[in-house]
Amino acid sequence: MMTVRSALKCLLLLLPFAGMTQQQKMEGENMVFSNPHLKVLVNLGNGKVSYRFTNGVSFENTVAYVNDLQQGTLVSVDFDQHNVTTDAIKDPLGKGICINLVHESAAKKAKLIQYITIYESNPFLLISTEGQLTGKDIILETRNISPLTILPAYQGKVQMPGKQSVFTDYPFDNDNWVDVIASRWPSADKTVRGMSYELASAYDASSNAGFVAGSVMHDFWKTGIQYSTGNVEGIIDSLIVFGGAATKDVQGLPDSYGGKDGTHDVMPHGTQLGESVFSPLLFLTGSADIRNDLQLFGSVLKKVNGMSEWKKAAPFYWNSFGVEGVLGYEKVMMPGDVGKISDYLNSLKNFNRSTQPVLSVDSYDQNTYSTEVLKSISRYGKKRGQQMGFYFIPFSLWTWKTHIGESKLTGTEHPLRDVILLDEQGNYVPYKDGDWGAFPIDPTHPYVRDFIIGQLQKAKAIDATFIKIDFLSAGALESARRYDPQVRTGIQAYNYGMKLLRHLVDSIMGPDIFITQAISPLFPNQYAHTRFLSTDVYSHLRNDIPGWPHYGSTAASMISATNFWWTQGNLWPYTNMDVVVMKNFQKNKAISEQDVKVRLLSMMVMGSILGDGSDFRDKLAAERGRLFLDNRAVCDFFSAPRAFTPLRFPLGQAQNLQLGYYLAGDTVMLAAFNFDLDKPFTESFRQSEVGWKPGSYIVQDILTGKETGRINKDQQELAITVQARDAVMVRLVPIN
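As the structure is a prediction and not an experimental result, all values here were calculated from the model. (Residues numbered from 1 in each chain as written. Predicted model: local features only at pLDDT ≥ 70, side-chain atom pairs only at ≥ 80, totals over all residues. Heavy atoms only, no water.)

## Points about the overall build of the chain
Along the backbone of the chain there are 12 helices and 41 strands. For the chain, the C-alpha radius of gyration of 26 Å lies close to 27 Å, the compact-globule estimate for 736 residues. The dimensions of the chain, computed from C-alpha atoms along their principal axes, are 80 × 75 × 50 Å. Going through the 736 residues of the chain one by one, you find that 62% of them count as buried. The contacts of the chain with a sequence gap of at least 6 include a subset with a gap of at least 24, amounting to 71%. As displayed, the chain offers around 27,200 Å² of accessible surface, 48% of which is attributable to carbon and sulfur atoms. (Helix = DSSP H or I, 4+ residues; strand = E, 2+ residues; numbered from the N terminus. Rg over C-alpha atoms; globule rule 2.2 N^0.38 Å. Buried < 20%, exposed > 50% of the residue type's maximum accessible area, 1.4 Å probe, protein only. Contact = heavy atoms within 4.5 Å. Areas by Shrake-Rupley, 256 points an atom, 1.4 Å probe, with all protein chains shown as cover.)

Structure representation (structure tokens):
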């Protein structure tokens, strides 16, 4: 892995400059660096930098800045001198050069250095900024530093190709049923503007050409990407990528449009200080296909930060949350009833073929489900070839607000008041606020370490091999108090806590423990094996159908999941689309068999592990479980799930989605979803895009095994029609 400083300063390994294939030349005041995919133009007169990609995307007249708490904002163009040196590099991403653009003035007490890494053949750049002291008796301190800023005041703009421009805005975490929002511009009724977190992308919907900008490392800064597209097709007026994003939830705004899609902070972002301060490391690319850009971003993150590998078959699990919110609290499902679930799962031959299914007890009433009771469930399940799962919340504690003073961390004698996060006035930092709420605790505190150790020892005592961790965003909140004074920001504390958690899991429970994240920030990702792509999913078809919740539907889950398909295999071995239910989620109305089918196929197409949350004591749920969960083809796929590539992305939050996906490989698979309530939908799959080999094929339905069509030897396109409220998944079987 790269170290922070070496990655930021582009100095992993110096090489002789001779022999590098990047071109370098002067064009007027611009020093131009290029490879076959892009150009970097450095204006030595004013210090501005332009980035131009061969797909037609250009970032013109960009600047960098650091906002120092003492000196104010230092912008690259405000310095008198702008000088360039280069270093040849070789790192895990390839060979290239690092452009060191130094901005300095004799009258200023600090200088800015922009580091721009351009590789010999890679179609992306790595960009960062350093603020460095030149004066004496001061120190730099910042909570706002940008490696890439585009503003009209500096004649900056982003130019996009095409006539159907779309900007994609990503939320900080997967809480509160917020969505990834893709918006067309120009828009007649509003300017497309807002704040994306850690990642932003834009593309032309007619060609897919676009760009991706994203943060590479996630151990100090929360990265914000503030944008405004204006009213001209293909032009982004402003784009500010900066370290230091800390945003409040705003009542009155839509959840996904500034209401709850931010970092949930009430405190400002913590500061970085020293003789030098560094921005986030930014990945920037543009190509003819935005999907390739997103995959490339993921592969770079994997090389730089690593990914938790899983060498066994993917887990199948049953989770209690689909039956009862707090297991045993309302006596919906008592311990003996979990035994009945175990018996039922044991009867499913194909469900048990590739792996030992997991009995995953979620949030539970500890008076009913004591450690001894959980041990007995584990022993019962083990006799039926099953594993045990365990649930806990490492970085927050649910309790009554009026009891914080006397509450203790669960399983310890440590007072909650000693570890709870505080604001500058000494008040508790809210997370899930309310009289009964979840209160965030300090991941750096040894008391919290003791609490996590206690939970993991409990998990080991019940012989758990599967851990679901939840409400992790609490650990990333900014705070005026930390036990470790070297930890200065929320995401730094969260990274500390997740690294500690993974170390403790490996040391206490062993290396073969599967970890899934529920509510959590997108990054850092490398400590778990999977993560929810959206908030809890209840399996009803759409958010807007009367009688069901206006959140948590299959259609809504596909909005964010489709935009995150690239995370499977790059950030985690698998994704997690939460559990399917065969009849109803908790006390919700029963769903139809077709709704179950659509939900199950949505999980498959996103590369999710297979989870179920049904109450199989119910006859209809049990019948459907045998139909869907014991399907041989379904179980074979879920033993090694892979995400399909979307043909296109959803726009906005519309529920009448009509989407197509394909999975390339030795056996090509195709899927189409129609969430429209009335109209059928036909998806066209082209050989040139999907990539099936020349030849003749049977088109076979994945669920029934029945032939639904054929592809002739010279056929270049396949049309699949999907009825309203339905989905289809097929595989192409060669005809010998």
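## Quick look at the sheet that holds strand β30 (residues 464–469)
The 7 strands lie next to each other as β32-β31-β30-β27-β26-β25-β33, forming an open sheet whose pairing is parallel. Two strands close off the open sheet at either side, each with one partner strand: β32 (530–531) and β33 (610–612). As judged from the 3 bridges shared by strand β25 (residues 316–319) and strand β26 (residues 358–360), these two strands associate in the parallel manner. When the bridges of β26 are listed, Trp-318 appears paired with Leu-359. (Pairing = 2+ DSSP bridges.)

## Some words on the pattern of salt bridges
A side chain of one charge can pair with a side chain of the opposite charge if their charged atoms are brought near each other. Across all of its chains, the model carries 27 salt bridges by this definition. One salt bridge connects Glu-689 with Arg-291, and the closest N-O pair in it is separated by 2.7 Å. Linking Glu-689 in helix α12 (residues 687–690) with Arg-291 in helix α3 (residues 290–305), this pair joins segments that are 398 residues apart in sequence. Between Lys-375 and Glu-372 there is a salt bridge, with its nearest N and O atoms 3.4 Å apart. Taken together, the residues Lys-375 and Glu-372, both in helix α5 (residues 371–383) and 3 residues apart, mark about one turn of the helix. In the salt-bridge network here, residues are joined through shared partners; they are Asp-289, Arg-291, Arg-686 and Glu-689. (Salt bridge = Lys/Arg side-chain N within 4 Å of Asp/Glu carboxyl O.)

## Notes on the sheet that holds strand β41 (residues 726–734)
If you walk across this open sheet you meet the 6 strands as β34-β35-β36-β41-β38-β39, and the pairing is antiparallel. Edge strands, defined here as strands with exactly one partner in the open sheet, are β34 (645–646) and β39 (707–711). Alignment of strand β35 (residues 658–663) against strand β36 (residues 669–674), held across 6 bridges, turns out to be antiparallel. Residue pairing for β36: Gln-658 is matched across the bridge by Asn-674.

## With respect to the packing of helix α9 (residues 593–605) against helix α10 (residues 619–628)
Contact geometry for α9 and α10: axes closest at 11 Å, N-to-C directions at 40°. One element, α9, and the other, α10, form an angle in the oblique class. Once α9 is placed against α10, the crossing between them reads as right-handed. Touching Glu-593, Val-596, Lys-597 and Leu-600 of α9 are Arg-624, Leu-627 and Phe-628, all from α10. Residue composition of the contact of α9 with α10, by class: 4 nonpolar, no polar and 3 charged. (Axes fitted to C-alpha atoms, helices over the stretch in contact; angles between N-to-C directions. Parallel < 35°, antiparallel > 145°, perpendicular 65-115°, else oblique. Left-handed = near helix turned anticlockwise from the far one by under 90°. Nonpolar A, V, L, I, M, F, W, Y, C, P; charged D, E, K, R; others polar.)

## Here's the deal with the side chain of Thr-285
With respect to the helices and strands, the residue Thr-285 is situated in strand β24 (residues 282–287). From its side chain, Thr-285 meets the backbone oxygen of Pro-123 in a polar contact 2.6 Å long. When residues no more than four places from it in sequence are discounted, the contact partners of Thr-285 are Phe-53, Pro-123, Phe-124, Gly-210, Phe-211, Val-212, Asp-293 and Leu-296. (Polar contact = N/O pair within 3.5 Å; in protein donor to acceptor, adjacent residues only side chain to side chain.)

## Some remarks on the nonpolar core
The biggest cluster of nonpolar side chains holds 147 residues, and the ones touching the most others in it are Leu-456 and Phe-673. A total of 9 residues in this core trace back to one element, the largest contributor, which is helix α7 (residues 490–509). The residues touching Leu-456, leaving out its near neighbours within four places in the chain, are Phe-392, Ile-467, Leu-501, Leu-504, Val-505, Ile-508 and Met-509. Ile-99, Leu-125, Phe-167 and Tyr-227 belong to the second-largest nonpolar core, a separate cluster that totals 36 residues. (Core = buried A, V, L, I, M, F, W, Y, C linked by side-chain atoms within 4.5 Å.)

## A few points about α5
Over its 13 residues, α5 runs 19 Å from end to end, which matches the ideal 18 Å to within 8%, given 1.5 Å per residue. Positioned one or two residues after α5, Gly-385 has a phi angle of 75°, which is positive. (Expected span 1.5 Å × (residues − 1).)

## What to know about α10
Within α10, the full set of buried residues consists of Ala-621, Ala-622, Arg-624, Gly-625 and Phe-628. Taken end-on, α10 shows its buried residues confined to a sector of 165°, consistent with a single buried face. Near the N-terminus of α10, the side chain that reaches the backbone nitrogen of Leu-620, with its oxygen 3.0 Å away, is that of Asp-618. (Arc of directions from axis to C-beta.)

## Concerning the packing of aromatic side chains
Enumeration over the complete set of coordinates arrives at 35 aromatic pairs. When the ring of Phe-395 is compared with that of Tyr-494, the centres are 6.1 Å apart and the planes differ by 80°; the resulting orientation is edge-to-face. Taken together, the residues span a long stretch of sequence, with Phe-395 in the loop between β27 (387–392) and β28 (396–400) and Tyr-494 in helix α7 at a distance of 99 residues. Grouping residues by exposure puts Phe-395 and Tyr-494 together as buried. Relative to Phe-471, the ring of Trp-398 has its centre 5.6 Å away and its plane inclined at 70°; by these criteria the two rings are edge-to-face. (Phe/Tyr/Trp six-rings, centres within 6.5 Å; stacked < 30°, edge-to-face > 60°.)

## What to know about the environment of Leu-345
Here Leu-345 shows up in helix α4 (residues 335–346). Residues Leu-345 and Leu-629, 284 residues apart in the sequence, show an inter-C-alpha distance of 9.4 Å. If sequence neighbours within four positions are ignored, Leu-345 has contacts with Trp-318, Phe-351, Asn-352, Leu-359, Gln-386 and Phe-616.

## Let's talk about the pairing of strand β2 (residues 23–27)
Where β2 lies against strand β3 (residues 30–35), 5 bridges are found, and the strand directions are antiparallel. Considered in β3, the bridge of Met-26 is made with Met-31. Hairpin remark: β2 followed by β3, antiparallel, with 2 residues in the connecting loop; positive phi at Gly-28, about 65°.

## What about the confidence of the model for the chain?
In this model, the chain carries an average pLDDT of 95, and 97% of its residues clear a pLDDT of 70 or more. Long-range and interchain partners of residues 1–20, a stretch whose pLDDT sits below 50, account for 53 contacts in this model, where long-range means more than four residues apart. (pLDDT = per-residue confidence, 0-100.)

## Examining the environment of Gly-322
Within the secondary structure layout, Gly-322 lies in the loop between β25 and α4. Of the residues examined, Gly-322 reaches a relative accessible area of 2% and is grouped as buried. Along the sequence, Gly-322 and Ser-376 sit 54 residues apart, while their C-alpha atoms lie 22 Å from each other. Those residues in contact with Gly-322 that lie beyond four places of it in its chain are Asn-584, Phe-585, Gln-586 and Gly-613.

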